[in-house]
Amino acid sequence: MAVLGQDARIALVGCGKMGEAVLSGWLASEAAPAGTLSGESFIVVEPTEERRAHLAERYGVTAVADVSDLDGCDAVVLAVKPQVMPEVLGQLGSVDGLVITIAAGIPTATYESVLGPAARVVRVMPNMPLQVGMGASVVAAGASATDADAQLVRALFAALGTAQIVPEDQIDAVCAISGGGPAYVAYMIEALRDAGVALGLDAGLAEGLALQTVGGTWRAMDASGTSPEAMRTSVCSPGGTTLAALAVMDDCGFKEMFAAAMRAAVDRAAELRGDA
């Protein structure tokens, strides 16, 4: 795995919710390689003066208005929205070094075509829980990136939750499962709350029960290494209420619905890229 030493300089271009979550998570981590980084390691590019002042004061970083001050950085992290990325890439020009992007939907080849063959591009698909140190991220290396680059980026994002290396052609499926996953889970909690209200429960009580149940189930499964199938089976009593509810879900095509929804997300990703 490549190494970022204590003297490493990292440019963070864009520091909104996800960018700041990456910055704060790396600075809070004690595990290598993130644990070697400090506020002095970062040059943050943010166009808003008030935002730059906040970041500099809170994290001890150098905050600049544009990408013209990024010479000599060991790595560039691109954390701007996809619609802004073409402008940012044009401002960067050619890059000789590691480029990490967390923007959704843009393949590594697009970066390489603008930044040049010396840019070692590694694409990361994180999800929203990264903002609370519970992200599920995957890492895909571009044509010029090395295995060491991919391992370094995986280790950096593992400090923000979990991170795995995958082939780039699996990114759309990952985006469908974990990228959109927080919305699906929130929708399920919403449905459980509304069902509880229909059964006579107070909305706040029903929502609180649903939230605690989702979080508690994950924690129990993670702590014990229990599979989803084993957890589901352990909760069900023969002929009981949970089996009655699950039978209705099966009759309504619960698993088939999810399979169709994930396919729709993958197909839409292809449409947005112009592949379909």
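Scroll up a little and you will see the structure.
Residues numbered from 1 in each chain as written. Predicted model: local features only at pLDDT ≥ 70, side-chain atom pairs only at ≥ 80, totals over all residues. Heavy atoms only, no water.

1. A word on unusual backbone geometry
Put simply, Ala 32 and Pro 33 share a cis peptide bond, and its omega is 0 degrees. Turning to its location among the elements, Pro 33 is positioned in the loop between α1 (17-28) and β2 (42-45). (Helix = DSSP H or I, 4+ residues; strand = E, 2+ residues; numbered from the N terminus.)

2. Considering helix α4 (residues 108-115)
Residue pairs spaced three or four apart in an α-helix point in one direction, given the helix's 3.6 residues per turn. Among the residues making up α4, those that are buried are Thr 108, Tyr 111, Glu 112 and Leu 115. An end-on view of α4 places all buried positions within 100 degrees of arc, on one side of the element. Looking at the buried positions of α4, the neighbouring elements they touch are β4 (75-78), α3 (85-92), β5 (97-101), β6 (119-125) and β7 (135-141). (Buried < 20%, exposed > 50% of the residue type's maximum accessible area, 1.4 Å probe, protein only. Arc of directions from axis to C-beta. Contact = heavy atoms within 4.5 Å.)

3. Observations regarding the pattern of salt bridges
Scanning the entire structure with this criterion turns up nine salt bridges. When the shortest N-O distance is used, the salt bridge between Glu 168 and Arg 123 registers 3.0 Å. Of this pair, Glu 168 sits in the loop between β8 (161-165) and α6 (171-179) while Arg 123 sits in strand β6, placing them 45 residues apart in sequence. Since its relative accessible area comes to 23%, Glu 168 is described here as partly exposed. Each of Glu 20, Arg 51 and Arg 58 takes part in salt bridges that share partners, so that together they form one network. (Salt bridge = Lys/Arg side-chain N within 4 Å of Asp/Glu carboxyl O.)

4. Brief notes about the side chain of Asn 127
Mapping Asn 127 onto the fold places it in the loop between β6 and β7. There is a polar contact of 2.9 Å between the side chain of Asn 127 and the backbone nitrogen of Ala 136. Reaching out from Asn 127, the side chain makes a polar contact with the backbone oxygen of Ser 178 at a distance of 3.2 Å. Ignoring anything within four residues of it in the chain, the contact list for Asn 127 reads Met 18, Gly 135, Ala 136, Ser 178, Gly 179 and Pro 182. (Polar contact = N/O pair within 3.5 Å; in protein donor to acceptor, adjacent residues only side chain to side chain.)

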